[in-house]
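# Descriptive structure summary
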Amino acid sequence: MSRHAQARTLTLLAAVLYAAAAANAQPQLELAWEVPTPGVLPQAILPDSTGRPVLHVALKNGGLAILETAPQGTPRRIANIAKASLAGLDVMHLDQQDHLLYLALGDFFDPKGAKAGLAVIDIADPSQPRVVSIWQSDRSLHGAAAILVRDRYAYLGAMEHGVFVFDIADPAHPERVAAFLPDPDYPRPNPNRTQHPNARGFAIRDHHLFVAFDSGGIRAIDVADPTNPHEIGRYVNPRMGRKQQAYNNLVIEGDTAYVATDYAGMEVLDIRDPARIRQIAWWNPWDAHTLRNLWFNSPGHTNQIQLDSTRHAVYLAAGGSELQVVDVSDPARPTLAARYGEPGNKLGTWGVALSAGYVHLAYISALVPFQGTWSGIKTLSRTR
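Moving on: the environment of Ser309. Along the polypeptide, Ser309 turns up in the loop between β22 (305-308) and β23 (313-317). Looking at Ser309, the relative accessible area reads 39%, which means it is partly exposed. Ser309 sits 20 residues away from Ser329 along the chain, and the two C-alpha atoms are 9.1 Å apart.

On to the pattern of salt bridges, then. A side chain of one charge can pair with a side chain of the opposite charge if their charged atoms are brought near each other. Counted according to the given criterion, the structure contains 22 salt bridges. Between Arg205 and Asp255 there is a salt bridge, with its nearest N and O atoms 2.4 Å apart. Of this pair, Arg205 sits in strand β14 (residues 201-205) while Asp255 sits in the loop between β18 (249-253) and β19 (256-260), and the two are 50 residues apart along the sequence. With relative accessibility at 15%, the residue Arg205 sits in the buried group. In this structure Asp255 comes out as partly exposed when scored by relative accessible area, which is 34%. Two residues, Glu231 and Arg234, come together in a salt bridge whose shortest N-O distance is 2.7 Å. With relative accessibility at 34%, the residue Arg234 sits in the partly exposed group. A cluster of three or more residues bridged by salt bridges with shared partners is formed by Lys60, Lys83, Asp90 and Asp107.

The next thing to look at is empty space enclosed by the protein. Evaluation of the coordinates by the stated rule reveals one cavity of 30 Å³ or more. Empty space within the largest cavity amounts to approximately 50 Å³. As for the largest cavity, its lining consists of Asn237, Met240, Gln245, Ala246, Tyr247, Thr261, Tyr263, Ala264 and Glu267. The class makeup of the residues in the lining of the largest cavity is five nonpolar, three polar and one charged.

This next bit is on the layout of surface pockets. Size it by volume and the largest pocket reaches roughly 990 Å³. Tallied by class, the residues present in the lining of the largest pocket amount to 15 nonpolar, 13 polar and six charged. Here the second largest pocket is characterised by a volume of approximately 770 Å³. Taken together, 34 residues make up the lining of the second largest pocket; nearest its centre are His93, Asp95, Phe202, Ile305 and Gln306. Broken down by secondary-structure element, the contributors of at least two residues to the lining of the second largest pocket are β2 (44-47), β6 (91-97), β10 (146-150), β14, β18, β22 and β26 (349-355). If you tally residues by element for the lining of the second largest pocket, the top one is β6, at five residues. Looking at the lining of the second largest pocket residue by residue, the class counts come to 22 nonpolar, nine polar and three charged.

Time to look at the packing of aromatic side chains. Under the counting rule described, the total for this entry stands at eight aromatic pairs. Between Trp135 and Phe164, the ring centres sit 6.1 Å apart and the planes meet at 85°, which makes this aromatic pair edge-to-face. Within this pair, whereas Trp135 is found in strand β9 (residues 130-136), its partner Phe164 is found in strand β12 (residues 163-167), the two being separated by 29 residues in sequence. By the burial criterion, Trp135 is buried, and Phe164 matches it. On the basis of an interplanar angle of 65° and a centroid distance of 6.1 Å, the ring pair of Trp283 and Trp286 is categorised as edge-to-face.

A word on the nonpolar core. One finds Leu64, Leu86, Leu94, Leu101, Leu103, Leu105 and Ile121 to be the most contacted residues of the largest nonpolar core, which totals 19 residues. Sequence-distant contacts of Ile121, defined by excluding residues within four places in its chain, comprise Leu64, Ile81, Leu86, His99, Leu100, Leu101, Leu103, Pro129, Arg130, Val131 and Val132. Listed in part, the 17 residues of the second largest apolar core include Leu100, Trp135, Ala158 and Phe166.

Before going further, it helps to spend a moment on the confidence of the model for the protein. Scored by pLDDT, the protein comes out at a mean of 93, with 93% of its residues at no less than 70. When the criterion is pLDDT under 50, residues 3-24 qualifies, and its contacts beyond four places in sequence or with other chains add up to five contacts.

Quick look at a nonpolar patch on the surface now. Residues Leu294, Trp295 and Phe296 make up a contiguous nonpolar surface patch of roughly 320 Å² in combined accessible area. By the secondary structure assignment, Trp295 is in the loop between β21 (278-283) and β22.

In this section: the pairing of β22. The sheet contact formed by β22 and β23 spans four bridges and is antiparallel. The residue of β23 that forms the bridge with Ile305 is Leu316. Counted between consecutive antiparallel strands, the loop separating β22 from β23 contains four residues, among which His312 sits at a positive phi close to 55°.

Criteria and cut-off values
Residues numbered from 1 in each chain as written. Predicted model: local features only at pLDDT ≥ 70, side-chain atom pairs only at ≥ 80, totals over all residues. Heavy atoms only, no water. Helix = DSSP H or I, 4+ residues; strand = E, 2+ residues; numbered from the N terminus. Buried < 20%, exposed > 50% of the residue type's maximum accessible area, 1.4 Å probe, protein only. Salt bridge = Lys/Arg side-chain N within 4 Å of Asp/Glu carboxyl O. 1 Å grid on protein atoms, 1.4 Å probe; cavity = no way out; pocket = protein on both sides within 12 Å on 5 of 7 lines; lining within 4 Å. Points joined across faces, edges and corners; volume = space filled by probe spheres on them. Nonpolar A, V, L, I, M, F, W, Y, C, P; charged D, E, K, R; others polar. Phe/Tyr/Trp six-rings, centres within 6.5 Å; stacked < 30°, edge-to-face > 60°. Core = buried A, V, L, I, M, F, W, Y, C linked by side-chain atoms within 4.5 Å. Contact = heavy atoms within 4.5 Å. pLDDT = per-residue confidence, 0-100. Patch = residues over 30% accessible without salt bridge, like charges linked within 9 Å, V, L, I, M, F, W, Y side chains within 5 Å. Areas by Shrake-Rupley, 256 points an atom, 1.4 Å probe, with all protein chains shown as cover. Pairing = 2+ DSSP bridges.

Written out as structure tokens, the structure reads:
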């Protein structure tokens, strides 16, 4: 056999072995349990960060629910804080620091507007959560979409009003110390109501807060002094042209950001220099850049995103495509590794969370941009 033939054979063998290894590494997903929430739309699920077998769930008009899980069997609800006890505001998102939960309040789906709010909940005993404090805006805004807590500061995504920053050194008296609105005229000058950017998701790296600013792209905000935030970088996908973009959420690993981009799948961004964010790759399964995809007819809409850095896998709540798992072992070549659910089955996800051996999905009832006829929580066991 010639050296050329030998090299070609070795290359082919390496490709086969790589494909086999990749197939064996793909997560296996099976339904472990499900809990319906009729009349209530779960927005976000947060496994307890202290390791307790507990899930904290933002239930929108259903308030805050706390579920106790077990290795086998359906979990049981051990506590609930009703909307009425939270200034009458819907619970849209949540974050945890030690024994405290921080809730983003205010229905951002409400076309009439809602106050934006922040609640602090003591969960030292998860079965008896206690409201420590509630802050709310003095007028109706457009609710709140996200909350992120780092050390003594909390960042609240106040939709078209941008980012509110709170000093939470005293959780009983959170103090708003800054409000920052990234330029709403980028990338589209004078946006109409549908085109207006909204602060939808956060991730933080060092002293830079990265904001998924909806149709306003990804913004890098310097928060070295949280009382004086200022923008130092911005990014939108140039390959989308004039089509509306929707940056919903993101996660960060090192110098890389993975971004849920609604009907455009997921972008992988190099953020080592926040002032010059650049695209590494684009996982675009639904051809969002073409005129065939008009948003409302897209098979999928990615919203919340989670990263399993150990397995180099990104988990995406993908609307009518339910769960999409993307292999990012090579961030420059993201590929679909696994999925759960099928487009057109009238089930749609909004939220996703990971815990040891499990993936938790929040399903909502909806008419657009996907049809959802069931609301509740499904937990899948994941192996490999």
